[in-house]
Amino acid sequence: MKLALGTAQLGMNYGIANKTGQPSPSSARRILELANQSGVEMLDTASGYGESETIIGQYIRTFREAGQNQPFQIVTKIPDPFEGEVQSAADARTRMREQVLLSMERLSLSRLDYCLLHSSKSMFSHDGLAVEWLREFKQNGLIGKVGISVYTPEDVERYLELDGLDVIQAPLNIMDTRLLRSGLLTELGARKIEIHVRSVFLQGLLLMSPDEIPAYLQKAVPYIKQLHALASELQLTYAELCLVYVRDLKEVGRIVVGCETENQLREHIEAMRLPKLPQGVRDDIQRMFSQISDDILNPSSWRKPK
């Protein structure tokens, strides 16, 4: 199954449309158990997602103690080692290695299946030393696959200039098809890069009713109304339409989607089993949402009023 469970919501309050907050430890465990029983093969987390790594590690530990195989492949992400005050490159490398080891400890793993740099600026700053060290840690056996979490098409172009990386995580959704329209998604696929897509619901914005959308995002309302009208015409929920659209992009290896409840996860899993959208509908979608400005598509540019 292409669906990968994003676990930011398990470790902290996350997402503009989050109405229930962080699940309790028992609820988080039930969500992980449902994912395991339903054929979800991958979890996505990060050192910066609150308690997420620790919660996952506690779940994995029960399998090891029972002599069973690890139930999921796990992707985690670590911060740029040059963030904050760093005295030297050697200190930054030490900090980065310690972060890898700390994530391993929290996740109860002897090796990280996947480790990504959480900031795309790591490709640019300090002559790309963080990328070099990530590849080194892979060669030393600390990590299975390495990559970078990126934000913009320009980030993807820079990523394609690098060698020795296995995976990229990038935003892509029914409204944000910049990677598709630019040909960058095709180029990543041609180079056998493993593509993980996030922000399928644009941090929940695509699932909100127009009257719920805050004032600072009112520019998105006309597009949300178009999306909801199309979903109604196709007799799909908003979430189903968003998921099916991305699922059927052949280059996409994993779709990272979070949830706060078991019911949400169950709905996502069921959506992944729906029929394909007709090509004519996909063409209409691309035309419908081809002119959306980046300040709607990039949550980091959202400006909440003070």
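The structure we're discussing is the one just above.
Residues numbered from 1 in each chain as written. Predicted model: local features only at pLDDT ≥ 70, side-chain atom pairs only at ≥ 80, totals over all residues. Heavy atoms only, no water.

Colleague: What am I meant to see in the side chain of Thr7 here?
Modeller: One can find Thr7 in the loop between strand S1 (3-6) and helix H1 (8-11). Given a relative accessible area of 0%, Thr7 falls into the buried group. When sequence neighbours within four positions are dropped, the list of residues in contact with Thr7 reads Leu43, Asp44, Thr45, Tyr49, Ser52 and Ile56. (Helix = DSSP H or I, 4+ residues; strand = E, 2+ residues; numbered from the N terminus. Buried < 20%, exposed > 50% of the residue type's maximum accessible area, 1.4 Å probe, protein only. Contact = heavy atoms within 4.5 Å.)

Colleague: Help me out: how do you make sense of the pattern of salt bridges in this one?
Modeller: Side chains that carry opposite charge are capable of pairing whenever their charged atoms lie near each other. Under the counting rule described, the total for this entry stands at 15 salt bridges. The shortest N-O distance in the salt bridge between Asp166 and Lys138 comes to 3.0 Å. Of this pair, Asp166 sits in the loop between helix H6 (153-159) and strand S6 (167-171) while Lys138 is found in helix H5 (residues 129-139), placing the two residues 28 residues apart along the sequence. The class of Asp166 is buried, set by a relative accessible area of 19%. (Salt bridge = Lys/Arg side-chain N within 4 Å of Asp/Glu carboxyl O.)

Colleague: Explanation requested: unusual backbone geometry in the structure shown.
Modeller: Outside of glycine, negative phi angles account for most residues, and trans bonds account for most peptide bonds. Backbone geometry at Leu202 places phi at a positive 50°, although glycine is not the residue there. In this structure, Leu202 sits in the loop between strand S7 (194-198) and helix H9 (221-234). The backbone of Gln235 sits at a positive phi, close to 60°, despite the residue not being glycine. With respect to the helices, strands and loops of the structure, Gln235 is situated in the loop between H9 and helix H10 (238-247).

Colleague: Help me out: how do you make sense of the packing of aromatic side chains in this one?
Modeller: Given two aromatic rings, their pairing is described by the distance between the two centres and the angle made by the two planes. Throughout the structure, instances matching the rule amount to three aromatic pairs. Judged by centre distance (6.2 Å) and plane angle (35°), the rings of Tyr59 and Phe72 are tilted. Residue Tyr59 is located in helix H3 (residues 52-65), and its partner Phe72 is located in the loop between H3 and strand S3 (73-78); the two are separated by 13 residues in the primary sequence. Given a relative accessible area of 3%, Phe72 falls into the buried group. Site record: aromatic cluster; members linked through ring pairs are Tyr59, Phe63 and Phe72. For the cation-ring pair, Arg198 lies above Tyr151, with the distance from its terminal atom to the ring centre recorded as 4.9 Å. In this structure, Arg282 is placed above the aromatic ring of Tyr245, and the distance from its NZ or CZ to the ring centre is 4.3 Å. (Phe/Tyr/Trp six-rings, centres within 6.5 Å; stacked < 30°, edge-to-face > 60°. Lys NZ or Arg CZ within 6 Å of the ring centre and 35° of its normal.)

Colleague: Please explain the sheet that holds S7 as it appears in this structure.
Modeller: Spatial strand order, S1-S2-S3-S4-S5-S6-S7-S8: eight strands in a closed barrel with parallel pairing. The average angle at which neighbouring strand axes cross in this sheet is 30°, direction not considered. Across two bridges, S7 lies against strand S8 (residues 254-258) in parallel orientation. Opposite Val197, over in S8, you have Ile255 as the bridge partner. The sheet contacts of helix H4 (residues 89-107) involve S3, strand S4 (112-117) and strand S5 (143-149), and relative to S3 the element is tilted by about 145°. (Pairing = 2+ DSSP bridges. Axes fitted to C-alpha atoms, helices over the stretch in contact; angles between N-to-C directions.)

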